[in-house]
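Architecture and fold: a report
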Amino acid sequence: MEGPWKKPWVILMEGIVLIQLFGRNNGCFTEEKRSLLDFKASYSNYALLPSWVNDSPKSNCCEWERVTCDPFSGHVTHLSLESVNRNSGRTGWGGCLDNTNSSSLNGSLFLSFKYLRYLSLSANCFDGFIWERALSFCYGDSNDMNNVQLNDDVLGLINRVQCNPATGRVTEINLVGLGLSGRIGKGLEKLQHLMVLSLSHNDFNGSITPSLTLSSTIQNLNQSHNGFSGQMPTSFFNMSSIRSLDLSHNSFSGHIPQSFFDSYNFLHYFSLSNNLFEGQSPSRISRCSSLNSTNLSNNHFAGYIDFAVVWSLSRLRQLDFFSNALSGSLPNEISKLQLHLTHFDPRVN
C-alpha cells in the first residue's frame, strides 16, 4: 500500500503534463503565431488567408487554414501555402502571395518554427524568388532563404529547372502553365548561362523591365499566352544564340526596328502573332537565313512588303501575315515558292 506521498517519477510526469498544458498559448505558441502574422503582412493581403487573424488572445493558429501542428506539442510542423491565389476560400480573384514589397524572401520569418518539417510556396506570385531559388537548386545552397532548409521543392521547381552538372549553372527553366502572375525581371538577370526559358500559358503581365539583360547564351525563349505589354526590351535585340522566339498572344506594342534581326543568324522559329505591333514589316528578316517558320498575323503592321525578301529564305516552311494592313505583289516565282512552304497565308489586307 502506497504512502500519502507520490513517487518521484509520478511527480515528474505530472510536471511534464503541466508544462505541456500551460506552456502553450491555447494550442499555438506565441512566437509562431507572430511569425505567421508577419508573413501574411509581408506577402499577402486582406483577401488571402482570412483565418490568419489575431482577433483575441485565445486565437489558435493551429486552427488556421493551411497550418498543421503537432497534436501533442502544439508546434507548427507543416505550412501548405501553395496556390493560395486559387484556393483562398473566396470567390473571384483576390490576388496571390507575392513579393511586391520585398526584394528577397525573409527567411528569418521561419526561424521560430523549430519543428517545421514542410513548407510549400509553389504556384504563387513569387517571381523574383523563383530565379533565386533556381540558382540555389544548381549551386546546392539555400542562401536565398537564410539557410532555412526544408523541402527542396518549396517553390515547386523540381523537374522544371535543369542545371549543367559540370558547372552548376542554371541552363533551363520551364514554368509553362503554372498560373504564375505578376511581372518578370527581378533576379532573372542573375541567370547568365540560361539556354531555355519557357514562361508560356501563365498570367504574367505588364511591361518587361527595359534594363533587363537576358543571357547571350539563350536559345529558346517562349513568353507566349500571357499578358505582357509595352515595347519589346532592347536586350531582346542582342540574343545572338537565339533559335526560337515566341512572343505570341500578348499585348506587346510599338515598332520592330530593322536592326532587330541583324544578330539572329541561327533563328529558325519566330512568332509575334496576336499582339499590337505596328509600323512597317521587318524587311531585314531576310538576314535570318535559317528561318523555318514565321508568324506576324493579327498585329497592326502596315505598308509595303517585299515578297522577294521572303523568297530569299530557302529554308522557310511556314509563313503567316494574316490580319495586318500590308500590301505588296506576289512574285512570279510564287509557284516555286509554294513548293517548299507547308503553310502560306498571304492575306495581308
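Note that this is a predicted model, so its numbers are computed, not measured. (Residues numbered from 1 in each chain as written. Predicted model: local features only at pLDDT ≥ 70, side-chain atom pairs only at ≥ 80, totals over all residues. Heavy atoms only, no water.)

**Observations regarding the state of the cysteines**
Cysteine pairs can be covalently joined through their sulfur atoms, and such a bond is termed a disulfide. Where we set the bar: Put simply, a disulfide is two cysteine sulfurs that come within 2.5 Å.
Taken as a whole and judged by the stated rule, the model has two disulfides. What pairs with C62 in a disulfide is C69, and their sulfur atoms sit 2.1 Å apart. When the S-S torsion is -95 degrees, as for the bridge of C62 with C69, the disulfide is left-handed.

**Here we look at the side chain of T171**
Note the following rule: Going along the chain from the N terminus, every DSSP run of H or I of four or more residues is numbered as a helix, and every run of E of two or more is numbered as a strand. Only protein chains enter the accessibility calculation, which uses a 1.4 Å probe; a residue is then buried when its area is under 20% of its type maximum, exposed when over 50%, and partly exposed in between.
If you trace the backbone, T171 turns up in strand β5 (residues 170-174). Since its relative accessible area comes to 16%, T171 is described here as buried.

**Some thoughts on unusual backbone geometry**
As a rule of thumb, non-glycine residues mostly have phi less than zero, and peptide bonds are mostly trans rather than cis. A positive phi angle, near 55 degrees, is found at H201, a position not held by glycine. Among the secondary structure elements, H201 is positioned in the loop between β7 (196-198) and β8 (203-207). Its relative accessible area of 44% is what places H201 among the partly exposed residues. Positive phi, normally seen in glycine, also occurs at N274, with a value near 60 degrees. By relative accessible area, which is 28% here, N274 ends up partly exposed.

**Side note on the packing of aromatic side chains**
Applied cut-off: Any two of the Phe, Tyr and Trp rings considered here, Trp counted by its six-membered ring, make a pair once their centres fall within 6.5 Å; the pair's planes then place it as stacked at under 30 degrees, edge-to-face at over 60, or tilted in between. Lysine NZ or arginine CZ positioned within 6 Å of the ring centre and within 35 degrees of the ring normal marks a charge as sitting over the ring.
In this structure the tally under the stated criterion is eleven aromatic pairs. Seen from their ring centres, F261 and Y264 are 6.2 Å apart, and the 90 degrees between their planes marks the pair as edge-to-face. In this structure, F261 and Y264 share a single accessibility class: buried. Between F261 and F270, the ring centres sit 5.2 Å apart and the planes meet at 85 degrees, which makes this aromatic pair edge-to-face. Residue class for F261 comes out buried when judged on its relative accessible area of 0%. Taken together, the ring pairs connect F204, F228, F252, F277 and F301 into an aromatic cluster. A cation sits over an aromatic face here: R243 above F266, 5.1 Å from the ring centre.

**Brief notes about the sheet that holds strand β14 (residues 276-279)**
Which entries qualify depends on this criterion: When DSSP finds at least two bridges between two strands, those strands are taken to pair.
As summarised here, the arrangement of the seven strands in space is β6-β8-β10-β12-β14-β16-β18, forming an open sheet in which the pairing is parallel. Each edge of the sheet is formed by a strand with only one pairing partner; in this case those strands are β6 (181-182) and β18 (325-327). In terms of strand pairing, β14 meets strand β16 (residues 300-304) through two bridges, oriented parallel. Within β16, the position partnered with G279 by the bridge is F301.

**Side note on the confidence of the model for the protein chain**
The line we're drawing: pLDDT measures how confident the predictor is about each residue, on a scale from 0 to 100. Any two residues whose heavy atoms approach within 4.5 Å at even a single point are treated as in contact.
Per-residue confidence for the protein chain gives a mean pLDDT of 77; residues scoring 70 or more make up 71%. In this model residues 87-93 is a low-confidence stretch, pLDDT under 50, and it forms ten contacts with partners more than four residues away in sequence or in other chains.

**What to know about helix α2 (residues 30-43)**
In an α-helix, one turn spans 3.6 residues; hence positions three or four apart end up facing the same way. To keep things clear, this is the line we draw: Expected helix span is given by 1.5 Å per residue-to-residue step, counting one fewer step than there are residues. This arc describes the spread of directions from the helix axis toward the C-beta atoms.
Taking 1.5 Å of rise per residue, the 14 residues of α2 would be expected to cover 20 Å, and the 20 Å separating its terminal C-alpha atoms lies within 8% of that figure. Burial in α2 covers these residues: E32, K33, S35, L36, F39, K40 and Y43. Seen end-on, α2 carries its buried residues on one side only, within an arc spanning 160 degrees.

**Topic: the pattern of salt bridges**
This is how the line gets drawn: The term salt bridge refers to a pairing of a side-chain nitrogen on Lys or Arg with a carboxyl oxygen on Asp or Glu at a separation within 4 Å.
Per the counting criterion, the structure on display carries one salt bridge. A salt bridge links D262 to R287; the shortest N-O distance between them is 3.4 Å. Placement of the pair is D262 in the loop between β12 (251-255) and β13 (269-271) and R287 in the loop between β14 and β15 (293-295), with a sequence separation of 25 residues.

**What to know about the pairing of strand β10 (residues 227-230)**
Summarising the sheet, β8 and β10 pair through three bridges and their orientation is parallel. When the sheet's bridge partners are listed, G206 is paired in β10 with F228. As judged from the two bridges shared by β10 and β12, these two strands associate in the parallel manner. Opposite S229, over in β12, you have S251 as the bridge partner.

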